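Topology and contacts: notes
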Protein chains: 2
Amino acid sequence: MNIDVKLAPQSPEVWGYKDKTVVVIDVLRASSTIITALENGARAVVPVLTPDEAVTLKSRYDSENVLLGGERGGLKVQGFDLGNSPLEYKKEVVEGKTIVFTTTNGTNAIRQSGSADNLLIGAYLNLEAVVKKALELDKDILLFCAGRQNGFALEDAACAGAFCAAVLRMAQVKESDSAKAARMIAASFDSTFASFMASEHGQLLERLGFSDDLKLAATFNSCKAVPISINGQLVLSNTKKPR
Amino acid sequence: MNIDVKLAPQSPEVWGYKDKTVVVIDVLRASSTIITALENGARAVVPVLTPDEAVTLKSRYDSENVLLGGERGGLKVQGFDLGNSPLEYKKEVVEGKTIVFTTTNGTNAIRQSGSADNLLIGAYLNLEAVVKKALELDKDILLFCAGRQNGFALEDAACAGAFCAAVLRMAQVKESDSAKAARMIAASFDSTFASFMASEHGQLLERLGFSDDLKLAATFNSCKAVPISINGQLVLSNTKKPR
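What you see is a predicted model, and the numbers here were worked out from it, not measured in a lab. (Residues numbered from 1 in each chain as written. Chains lettered and ligands numbered in written order. Predicted model: local features only at pLDDT ≥ 70, side-chain atom pairs only at ≥ 80, totals over all residues. Heavy atoms only, no water.)

1. Concerning the overall build of chain A
Per the secondary structure count, chain A includes 10 helices and 11 strands. In terms of principal-axis extent, the alpha carbons of chain A reach across some 45 × 40 × 35 Å. Across the 243 residues in chain A, those meeting the buried criterion constitute 58%. Contacts in chain A between residues far apart in sequence, at least 24 positions, make up 77% of those at least 6 positions apart. Entry remark: accessible area of chain A is about 9,700 Å², with carbon and sulfur atoms responsible for 48%. Charge separation in chain A, taken as the distance between the mean sites of 27 positive and 28 negative side-chain charges, equals 4 Å. (Helix = DSSP H or I, 4+ residues; strand = E, 2+ residues; numbered from the N terminus. Buried < 20%, exposed > 50% of the residue type's maximum accessible area, 1.4 Å probe, protein only. Contact = heavy atoms within 4.5 Å. Areas by Shrake-Rupley, 256 points an atom, 1.4 Å probe, with all protein chains shown as cover. Lys, Arg positive; Asp, Glu negative; His and termini not counted. Charge placed at Lys NZ, Arg CZ, Asp CG, Glu CD.)

Written out as structure tokens, the structure reads:
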């Protein structure tokens, strides 16, 4: 088994998704929010690229059980029910609901990875559960850092490095150059929270008043939920192979 | 002044080159070879994308003073005068000559960066000289890792990190997330040679018998040459501003 890391988005034709389990990492905050929503009982999270697409899609559903969630510039989209803070996605709010969800970087990365054999959503919150699931799926693993503005984001690379380190502890895998680099980046920080505070995006979120989101997203393994993409919707993966 | 690192090639529209000094790093081996050629008296190195383009271009020059150089798959292109080993570019071979040069990754990165205000070629061999030149040019600095097969290459990222560390020692600059990451990668190795031996490309070159190239390319500051692109040709930069 091979493990590779896409440190920043690139044109999809450069990367092959065939026969791979892709784990999309947008730790601040789309991944952390999607995981929290499913952990707290949301029926599904449907990633879409734009706020307009979200509104259109909601109108096609039984709208009583649909919530609109997401951000632009880190802040809740006007007219949406929820922003991109995992703290908003409480059980009493999301249980049984479908969340139509759009963020600046994360949902783009998810849509780009649509051709993967298996597409999972990972963050510190569910790291151990995702690693177990990815090993069970028994395909080459590609950790896809959503990054920021189509570029590199330090916090996602550090999180990918933590995933690589966890996989290496549990299985015999061959690391790519970028997987080694991600581990080196992760190992440079004393804590996940420190990696957030060193990153441009983490600093921005703190300035916007989202310090509690940073603390939450820095927590290891508080969730069992492993979001997996089935027909364009993110749902809880079964413990057995979904396909 | 800002310093940023492009850890792997991306579509040029994602990155802005305006008002920037771009330093292309393909430490194994295109950058190291171009620097060595100019250090040893070559008149110019003309980067082209394909062997066919190289042959066509040579036919337009006074061909007596033109050499064809470059590689595909790490090996000299059939019919070319020189490969991509810096050790071939000795004074007695290259002095006064124009080298039309094509490599798999490096020349592609150079051509992609054509719209930069200043385009320099950097490697360990001329690190200090390039840093001084870049600071003298007084623009934001973008270190562009040529990478491998349009992806990430550990040895280039580590070299970019060494550049970032050197710039930080000499000037007040604002680092991007990727510049911090590159420094972390560089700091993870005991030596430049160790970074080569950890990389897929370095391991390939060793298997191909180019161990002496690796030793040479791992050497700091043995060259004063700072290649700069002027009208599509790489020539020795003056000590004063070229524009």
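Back to the text.
2. Remarks on the nonpolar core
Counting 155 residues, the largest nonpolar core has A:Leu143, A:Ile185, B:Leu143 and B:Ile185 as the members making the most contacts within it. Dropping the residues within four chain positions of it, B:Leu143 is found in contact with B:Ile3, B:Asp4, B:Val5, B:Lys6, B:Val23, B:Ile25, B:Ala160, B:Phe163 and B:Cys164. (Core = buried A, V, L, I, M, F, W, Y, C linked by side-chain atoms within 4.5 Å.)

3. Side note on the pattern of salt bridges
Residue and element names in this part refer to chain A. A complete count under the given rule lists 22 salt bridges over all chains for this structure. Notably, a salt bridge pairs Lys 18 with Asp 19, separated by 3.9 Å at the nearest N-O pair. As a salt-bridge pair, Lys 215 and Asp 212 come within 3.7 Å of each other at their nearest N and O atoms. Taken together, the positions of Lys 215 and Asp 212, both in helix α10 (residues 211-217) and 3 residues apart, correspond to about one turn of that helix. (Salt bridge = Lys/Arg side-chain N within 4 Å of Asp/Glu carboxyl O.)

4. Considering the interface of chain A and chain B
Listed per partner, the contact involves 24 residues of chain A and 24 residues of chain B. In this assembly, chain A packs against chain B so that about 1,800 Å² is buried in total across both faces, 60% of it on carbon and sulfur atoms. Connecting chain A to chain B are 0 salt bridges. Put simply, the parts of the chain that give the side of chain A that touches chain B at least two residues each are α6 (154-170), α7 (177-187) and α9 (200-207) of chain A. Of all the elements, α7(A) adds the most residues to the side of chain A that touches chain B, at 6 residues. Of the residues belonging to the side of chain A that touches chain B, the class tally is 12 nonpolar, 7 polar and 5 charged. (Buried area = accessible area lost by both parts, 1.4 Å probe. Nonpolar A, V, L, I, M, F, W, Y, C, P; charged D, E, K, R; others polar.)

5. Let's talk about the packing of aromatic side chains
All chains considered together, the criterion is met by 6 aromatic pairs over all chains. Aromatic side chains A:Tyr89 and A:Phe101 sit 6.3 Å apart centroid to centroid with 90 degrees between the ring planes, which places their arrangement in the edge-to-face category. Here A:Tyr89, found in the loop between β5 (75-76) and α3 (91-94), pairs with A:Phe101, found in strand β6 (residues 98-102); they are 12 residues apart in sequence, far enough to count as distant. An aromatic cluster of at least three residues, connected via ring pairs, comprises A:Tyr124, A:Phe196 and A:Phe220. Positioned over the ring face of A:Phe144 is A:Lys6, at 4.1 Å from the centre of the ring. Taking the ring centre of B:Phe210 as reference, the NZ or CZ of B:Arg29 above it sits at 4.2 Å. (Phe/Tyr/Trp six-rings, centres within 6.5 Å; stacked < 30°, edge-to-face > 60°. Lys NZ or Arg CZ within 6 Å of the ring centre and 35° of its normal.)

6. So, the packing of helix α5 (residues 127-137) of chain B against helix α6 (residues 154-170) of chain B
All names here are of chain B. Running from N to C, α5 and α6 cross one another at 55 degrees; their axes reach a closest spacing of 10 Å. By the angle class used here, α5 and α6 are oblique. Of the two possible hands of crossing, α5 and α6 adopt the one that is right-handed. Across from Leu 127, Val 130, Val 131, Lys 132 and Leu 135 in α5, the residues of α6 making contact are Ala 162, Phe 163, Ala 166, Val 167 and Met 170. Of the residues contributing to the contact of α5 with α6, the split by class is 9 nonpolar, no polar and 1 charged. (Axes fitted to C-alpha atoms, helices over the stretch in contact; angles between N-to-C directions. Parallel < 35°, antiparallel > 145°, perpendicular 65-115°, else oblique. Left-handed = near helix turned anticlockwise from the far one by under 90°.)

7. Overview of the state of the cysteines
Inspection of the entire model under this criterion finds 0 disulfides over all chains. Here A:Cys164 stays free of any disulfide, with the sulfur of A:Cys145 as its closest cysteine sulfur at 8.6 Å. In this structure B:Cys223 is a free cysteine whose sulfur lies 13 Å from that of B:Cys159, the closest cysteine sulfur available. (Disulfide = S-S within 2.5 Å.)

8. A closer look at unusual backbone geometry
Looking along the chain, the bond that leaves A:Leu28 and enters A:Arg29 is cis, with omega of 5 degrees. Summarising the element assignment, A:Arg29 is placed in the loop between β2 (20-25) and α1 (30-39). Even without being glycine, B:Asp19 reaches a positive phi, approximately 55 degrees. The exposure class assigned to B:Asp19 is partly exposed, which follows from its relative accessible area of 40%. Of note, B:Asn221 is a non-glycine position whose phi angle comes to about 60 degrees, a positive value. One can find B:Asn221 in the loop between α10 (211-217) and β10 (227-230). What makes B:Asn221 partly exposed here is its relative accessible area of 31%.

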